[in-house]
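Residue-level listing of the chains:
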Amino acid sequence: MTFFTPSDLSTRSKQKLTLANNEIHLWMTKPEELLGNDELLASYSALLTNTELAKQQRYKFAKDRHDALITRAFIRDLLSYYADIAPQDWQFEKGSKDKPEVINCPLPLRFNISHTKNLIICAVTLEDDIGCDVENTGRSNDVLAIAERYFSPKESAELFALPEAEQRHRFFDYWTLKESYIKAWGLGLAIPLTDFSFNINDAEQNHKDLFTIKQDINLSFAQHRVDEPQIWRSWLIYPTAAIDIKQEHRIALSLRAKTDNQKTDYQLRFFDTLPLLGYQEI
């Protein structure tokens, strides 16, 4: 099974979606699939506010302007599958933690966006704060130097105890998880990355031969950090060769509930979309 392309839209749905309290919907779109489609891109521009358009146009490079346009159209379009609000009519503001929120939705939708080279994702939940991160593990960074500086002592010890061939893989496990945690809070690097630690159990489950998922992940905190591990759940998601996004992509989700959620049976659903052209559950 592959991601659909603009030339094959017959099986894409435009039906409304329901979202249960124990569901997390993870949306994906590939901005390169929309290059050169000037008519569709113009339709995307028409969805944006003047403020959004001005911000999008400030990017220096054409690729960055393209990706920014797709990102804004992507979130506006996908939210409209949950409520009877047209994509151009969504209103956003920064919440108390400076995280974008919708202000005119009849549902308590919570969402978070992340992007990397040729992949944009958005995680959507009800009520509870969600953070997501996607990274391309093929990028040329000195990841071990980053780990020494930003990981907790516990994480660093586990990372450097691994065989050298496995260290880069584990680095991105930790990095995406840590990014998803701070994004769920909406506070960015105001939260020192050394103040919290993830422990990853490598037990995996398979999703339709499309994704490998790790969900036995525990969170702990430095003594001075005020937080509650029992209200957090996290997931690592690895795309497989069965879909047309690179295996080197790494995705992490972190969800913060209002009460203990360790026994909640969360269900992950995955959607591929091209904004305004429909979606395919994968």
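Residues numbered from 1 in each chain as written. Predicted model: local features only at pLDDT ≥ 70, side-chain atom pairs only at ≥ 80, totals over all residues. Heavy atoms only, no water.

Side note on the sheet that holds strand β4 (residues 109-116)
Hydrogen bonds along the backbone pair up the strands of a sheet, which may run parallel or antiparallel.
1) Next: Taken in spatial order, the five strands make up an open sheet running β4-β5-β1-β13-β14, and their pairing is mixed. The two strands at the open ends of the sheet, each matched to only one other strand, are β4 and β14 (278-281). For this sheet, the mean inter-axis angle between neighbouring strands, taken without regard to orientation, is 25°.
2) Next: Bridge count between strand β13 (residues 267-274) and β14: four bridges; the pairing is antiparallel. Pairing of Leu274 across the sheet is with Gly278, part of β14. (Pairing = 2+ DSSP bridges. Helix = DSSP H or I, 4+ residues; strand = E, 2+ residues; numbered from the N terminus. Axes fitted to C-alpha atoms, helices over the stretch in contact; angles between N-to-C directions.)

A look at the packing of helix α5 (residues 153-161) against helix α6 (residues 164-185)
1) Next: In contact at an axis separation of 9 Å, α5 and α6 are set at 155° when each is read in the N-to-C sense. The orientation of α5 relative to α6 falls into the category roughly antiparallel. Between α5 and α6 lies a crossing whose hand is right-handed. On α6, the residues touching Glu155, Glu158, Leu159 and Phe160 of α5 are Gln167, Arg170, Phe171, Tyr174 and Lys178.
2) Next: Split by residue class, the contact of α5 with α6 holds four nonpolar, one polar and four charged. (Parallel < 35°, antiparallel > 145°, perpendicular 65-115°, else oblique. Left-handed = near helix turned anticlockwise from the far one by under 90°. Contact = heavy atoms within 4.5 Å. Nonpolar A, V, L, I, M, F, W, Y, C, P; charged D, E, K, R; others polar.)

Examining the packing of aromatic side chains
1) Next: Counted by the stated rule, this structure contains 19 aromatic pairs.
2) Next: Consider the rings of Phe151 and Phe171, whose centres lie 5.3 Å apart with planes at 20°: the pair is stacked. Of this pair, Phe151 sits in the loop between α4 (143-150) and α5 while Phe171 sits in helix α6; the two residues are 20 residues apart in sequence, bridging distant segments of the chain. Phe171 matches Phe151 in its accessibility class, with the two residues each being buried.
3) Next: The interplanar angle of 35° and the centroid separation of 4.2 Å between the aromatic rings of Tyr181 and Phe196 together place this pair among those described as tilted. Within this pair, whereas Tyr181 is found in helix α6, its partner Phe196 is found in strand β7 (residues 196-200), the two being separated by 15 residues in sequence. Of the two residues examined, Tyr181 and Phe196, each falls in the buried class.
4) Next: Clustering of aromatic rings is evident, with ring pairs tying together Tyr150, Phe151, Phe171, Phe172, Tyr174 and Trp175.
5) Next: The ring of Phe196 carries Lys178 above its face, with NZ or CZ at 4.2 Å from the centroid. (Phe/Tyr/Trp six-rings, centres within 6.5 Å; stacked < 30°, edge-to-face > 60°. Buried < 20%, exposed > 50% of the residue type's maximum accessible area, 1.4 Å probe, protein only. Lys NZ or Arg CZ within 6 Å of the ring centre and 35° of its normal.)

Things to note about the environment of Lys178
1) Next: By the secondary structure assignment, Lys178 is in helix α6.
2) Next: Sequence-wise, Lys178 and Ala252 are 74 residues apart; in three dimensions their C-alpha atoms are separated by 8.6 Å.
3) Next: Setting aside residues no more than four positions away along its own chain, Lys178 makes contact with Tyr150, Phe151, Ser152, Glu155, Leu193, Phe196 and Phe198.
4) Next: At a separation of 2.8 Å, a polar atom in the side chain of Lys178 contacts the main-chain carbonyl oxygen of Phe196. (Polar contact = N/O pair within 3.5 Å; in protein donor to acceptor, adjacent residues only side chain to side chain.)

Thoughts on helix α1 (residues 38-47)
1) Next: Taken together, the buried positions of α1 are occupied by Leu40, Leu41, Tyr44 and Leu47. Each buried residue of α1 lies within a common arc of 105° when the element is viewed along its axis, so the set occupies one face. Structural note: α1 exposes Asp38, Glu39 and Ala46 on the side pointing more than 90 degrees away from its buried face.
2) Next: Buried residues belonging to α1 abut α3 (62-79) and β13. (Arc of directions from axis to C-beta.)

Nothing here speaks to function; it is all geometry.
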